[in-house]
Amino acid sequence: MCWTVNEIKKGVWHVDESGLNAMYVVKGSKMSAVIDAGTGIGDFKGLVESLVDNPYVVLITHGHVDHAGGCGQFIEAYINERDYQAALNIKVEDRERYLKNMESAGAVAPGSLSIAEELKNDKKPEFRFMKEGDIFDLGDKKLVIYEMTGHTAGSVCILDEADRILFSGDSVNDLELICAPAKDREALLKKWYEAGKRIFARKDSFDICGGGHCLIPIEKAEETLTCGEMILSGELQAKVEKVHFFHAPFYKYKDSRLYNGDFAALHSEDK
Ligand SMILES: [Zn+2]
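Below is a summary of the structure that appears in this document.

Definitions and limits used
- In this convention, every chain numbers its residues from 1, walking through the sequence in written order.
- The predicted nature of this model means local features are confined to residues of pLDDT at least 70 and side-chain atom pairs, given and counted, to a pLDDT of 80 or more, with totals for whole chains, interfaces and linings taken over all residues.
- For side-chain calculations, the full set of non-hydrogen atoms in the structure is used, while hydrogens and water are omitted.
- Each metal site lists N, O and S donors within 2.8 Å (3.2 Å for Na, K and Ca). With water left out of the atoms, a site can look as if it is missing ligands.
- Donor angles set the geometry label: tetrahedral for four donors if every angle is between 85 and 135 degrees, square planar for four and octahedral for six if opposite donors exceed 155 degrees and the others are between 65 and 115, irregular for anything else.
- Strands here are runs of E lasting at least two residues and helices are runs of H or I lasting at least four, both read from the DSSP assignment and numbered beginning at the N terminus.
- Partly exposed describes any residue whose relative accessible area lies between the buried limit of under 20% and the exposed limit of over 50%, with all areas from a 1.4 Å probe on protein chains only and scaled to the type maximum.
- This count recognises Lys and Arg as positive and Asp and Glu as negative, with His and chain-terminal groups excluded.
- One side-chain nitrogen of Lys or Arg within 4 Å of one carboxyl oxygen of Asp or Glu is enough to make a salt bridge.
- Distance and chemistry together define a polar contact, namely a pair of N or O atoms within 3.5 Å, with one atom able to donate a hydrogen and the other to accept it when in protein, and with adjacent residues in sequence counting only for side-chain atoms on both sides.
- Residue contacts are defined here by distance: any two heavy atoms, one from each residue, within 4.5 Å place the two residues in contact.
- Ring pairs are drawn from Phe, Tyr and Trp, using the six-membered ring of Trp, whenever the two centres fall within 6.5 Å, and their geometry is named by plane angle: stacked under 30 degrees, edge-to-face over 60, tilted for the rest.
- If DSSP finds at least two bridges between two strands, the strands pair.
- Between N-to-C directions, angles cover 0 to 180 degrees, with each direction set by a line fitted to C-alpha atoms, over the stretch in contact for helices.
- Think of a nonpolar core as a cluster: buried Ala, Val, Leu, Ile, Met, Phe, Trp, Tyr and Cys residues, connected wherever their side-chain atoms sit within 4.5 Å.

**Here we look at the coordination of the zinc ion**
Turning to step 1, where the next piece is worked out: Each protein donor to the zinc ion is listed here as His62 (NE2), His64 (ND1), His151 (NE2) and Asp170 (OD); together their distances run 2.2 to 2.4 Å.
Turning to step 2, where the next piece is worked out: Classification of the site at the zinc ion as irregular follows from its four donor atoms and the range of 86 to 172° in their angles at the metal.
Turning to step 3, where the next piece is worked out: In primary-sequence terms, the residues that donate to the zinc ion follow H-x1-H-x86-H-x18-D. Highlighted residues: His64 in the loop between β5 (56–59) and α2 (65–68) and Asp170 in the loop between β11 (165–169) and β12 (175–178), separated in sequence by 106 residues.
Turning to step 4, where the next piece is worked out: Judged by relative accessible area, Asp170 falls into the buried class, the value being 4%.

The structure is reproduced here in structure tokens:
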């Protein structure tokens, strides 16, 4: 079994996919929601349908392989238009490569990945677009979409005020990778920071961030935003560091690190 499932609030489940990434299932009175689809290494759709018994929408926080890779198990999935092409382009080989890299980097215990036939599923859902201000009405709860360009061009956060959770995708991780393509990287960082400030101005509405890889306390997420603020004000300098399997210039504030650059360069070992 490749999942660890925890009910973090009544009717809200955090699904950990082999220690690699996090998906969430939110049960509403009329409708439910699935937030991210993981890499798609097992029957995630089956798992979702064992947790909720009403219709559900699938919302993808961004188009990376470890979040959108499994969305082909579903008929329909919502994503921001700016990440549509990335999600559409994910191939079986990309998902396999990602898992192999993670395993060889020690991100999962050797041999602990249980990969089912679903990994070979190369179908794509019918993508629908979601944008800033869109509301998914689940009956007793509403999910509100906030765009937060930075990690990718089309990254979104999803606020569930009834359950007091901000599903933050990869937008405020303690190892934050600002990797959206940009000619002016400082302008991109500013855009990410300002979107984050606007979202966290609403922090009275949530108690925790449901991040794309784990749960994140609000103070930790704000530390990451402060790191961005200090880069913009010139108070922090980047230092080349080896962090996990990355070797690249990172800015560091307390325990938060931020990288602002090309995604491909981040994985380069010879920098
Ligand atoms: Zn990502």
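That shown, we press on.
**Here's the deal with the side chain of Asp16**
Turning to step 1, where the next piece is worked out: Summarising the element assignment, Asp16 is placed in strand β2 (residues 12–17).
Turning to step 2, where the next piece is worked out: Within the buried set, Asp16 has no salt-bridge partner at all; the shortest N-O distance to an opposite charge, 16 Å, is to Arg95.
Turning to step 3, where the next piece is worked out: Within the structure, Asp16 has its side chain in polar contact with the backbone nitrogen of Gly19 (distance 2.6 Å).
Turning to step 4, where the next piece is worked out: Those residues in contact with Asp16 that lie beyond four places of it in its chain are Cys2, Trp3, Thr4, Asn21 and His213.

**Considerations on the packing of aromatic side chains**
Turning to step 1, where the next piece is worked out: By the definition in use, this model includes ten aromatic pairs.
Turning to step 2, where the next piece is worked out: Taken together, a centroid distance of 5.6 Å and an interplanar angle of 50° make the contact between Trp3 and Phe44 tilted. One end of the pair, Trp3, is in strand β1 (residues 3–9); the other, Phe44, is in helix α1 (residues 44–51), and 41 residues separate them in sequence. Assigned by exposure class, Trp3 and Phe44 land together as buried.
Turning to step 3, where the next piece is worked out: Taking the centre distance of 5.7 Å and the plane angle of 80° together, the rings of Tyr84 and Phe127 count as edge-to-face. You can see Tyr84 sitting in helix α3 (residues 84–88) and its partner Phe127 sitting in strand β7 (residues 126–129), a full 43 residues away along the chain.
Turning to step 4, where the next piece is worked out: By relative accessible area, Tyr84 is classed as partly exposed at 26%.
Turning to step 5, where the next piece is worked out: Here a set of aromatic residues connected by ring pairs shows up, and it is made of Trp3, Phe44, Tyr56 and Phe74.

**Describing the sheet that holds β12**
Turning to step 1, where the next piece is worked out: Spatially, four strands are ordered β12-β17-β16-β15 in an open sheet, and the strand pairing comes out mixed. With partners counted over all chains shown, the strands left at the sheet margins are β12 and β15 (239–243), one partner each. Between one strand axis and the next, the sheet turns through 45° on average, direction left out of account.
Turning to step 2, where the next piece is worked out: As paired elements, strand β16 (residues 246–253) and strand β17 (residues 256–260) share three bridges and run antiparallel to each other. Bridging across to β17, Tyr253 finds its partner in Ser256.
Turning to step 3, where the next piece is worked out: Sheet contacts for helix α5 (residues 185–200): β12 and β17; angle to β17, the most-contacted strand, approximately 135°.

**Examining the nonpolar core**
Turning to step 1, where the next piece is worked out: Counting 31 residues, the largest nonpolar core has Phe44 and Ile60 as the members making the most contacts within it.
Turning to step 2, where the next piece is worked out: Elements supplying a minimum of two residues to this core: β2, β3 (21–26), α1, α2, β6 (76–79) and α4 (92–104).
Turning to step 3, where the next piece is worked out: With near-sequence residues (within four places) excluded, Phe44 lies in contact with Trp3, Val15, Met23, Val34, Asp36, Ala37, Gln73 and Phe74.
Turning to step 4, where the next piece is worked out: Core analysis: the second largest hydrophobic core is formed by 29 residues, Val172, Leu188, Ile199 and Phe206 among them.

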